[in-house]
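Single-letter residue listing:
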Amino acid sequence: MNRPYVDDKLFHFGFQLGVNIGSFGITDSEVPDSITGEIYHSRVGSMLPGFHVGFVSDLRLCRYLNLRFCPGIQFMSRTITFKTESGNPVVGTPGKTGKDIDVLAMPLYLPLYLKWSAEREGNYRPYVIFGGGASFNVSRDREKPILMNLTDYFCEVGFGVDLYFRWFKFCPEISYRIGFADQLYPASKRMELAPNEAFYSNSISRMTSHCICLTFNFE
């Protein structure tokens, strides 16, 4: 067995690298645009893969349970597609009945997890994680019609496996993260936003963040 006593340590540390795919849970406002009278519907048109890096700190609570704090930063991009209910062209895009808007985000996330591990078998040990935390968007593009709020609160569940090598543990992990706070920054608070672009924000009632992460922990 590689590193037979590594799980008996009270504390241990590591780092993580990973890729992610983000999406939004969008609720339309169904409010007609004040200029055209159109009702706009929105959905996530495409989800480009992003990546994240982080730090692992682990506290052993008992033989099968660990408390983990894994701060990190993500780089994400999502595209929201807007279409008119009537099929008429969207304002600002002559002849087109849809418009795509890229929403970029770079959240700094601060999660706290409980990790429950099964009994070790040879050099592998499966586990599940669950927890939650807060994130803070450290980069926003104010030139876009859609702007995200600075903070979010989320819960997360996932599973993975500890693979024991001679000098370290390699732990691939898949998790699903769902946010609870409304991520849409209202157009009424954006003085820089042109009036003919405010209806994109106004057509959305609520927008929450969703993310699937594939993470590689090195501990």
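Residues numbered from 1 in each chain as written. Predicted model: local features only at pLDDT ≥ 70, side-chain atom pairs only at ≥ 80, totals over all residues. Heavy atoms only, no water.

Quick notes on unusual backbone geometry
Here comes step 1: The phi angle at Arg3 is positive, at roughly 45°, despite the residue not being glycine.
Here comes step 2: Relative to the helices and strands, Arg3 resides in the segment before strand E1 (11-28). (Helix = DSSP H or I, 4+ residues; strand = E, 2+ residues; numbered from the N terminus.)

Here's the deal with the environment of Arg206
Here comes step 1: Topologically, Arg206 is positioned in strand E10 (residues 204-218).
Here comes step 2: Its relative accessible area of 35% is what places Arg206 among the partly exposed residues.
Here comes step 3: Remark: the alpha-carbon pair of Arg206 and Thr27, spanning 179 residues in sequence, is separated by 5.1 Å.
Here comes step 4: Beyond its immediate sequence surroundings of up to four residues, Arg206 is in contact with Gly25, Ile26, Thr27, Phe180, Ala181 and Asp182. (Buried < 20%, exposed > 50% of the residue type's maximum accessible area, 1.4 Å probe, protein only. Contact = heavy atoms within 4.5 Å.)

Considerations on the pairing of strand E4 (residues 72-84)
Each regular strand shows side chains that alternate between the opposite faces of the sheet.
Here comes step 1: Taken across its 13 residues, E4 has 10 buried, putting it largely inside the fold.
Here comes step 2: By the bridge criterion, 12 bridges tie strand E2 (residues 40-60) to E4 in an arrangement that is antiparallel. Counterpart to Val53 in the pairing with E4 is Ile73.
Here comes step 3: Here E4 pairs with strand E6 (residues 107-117) via two bridges, running antiparallel. Within the sheet, the bridge partner assigned to Gly72 lies in E6 and is Tyr109. (Pairing = 2+ DSSP bridges.)

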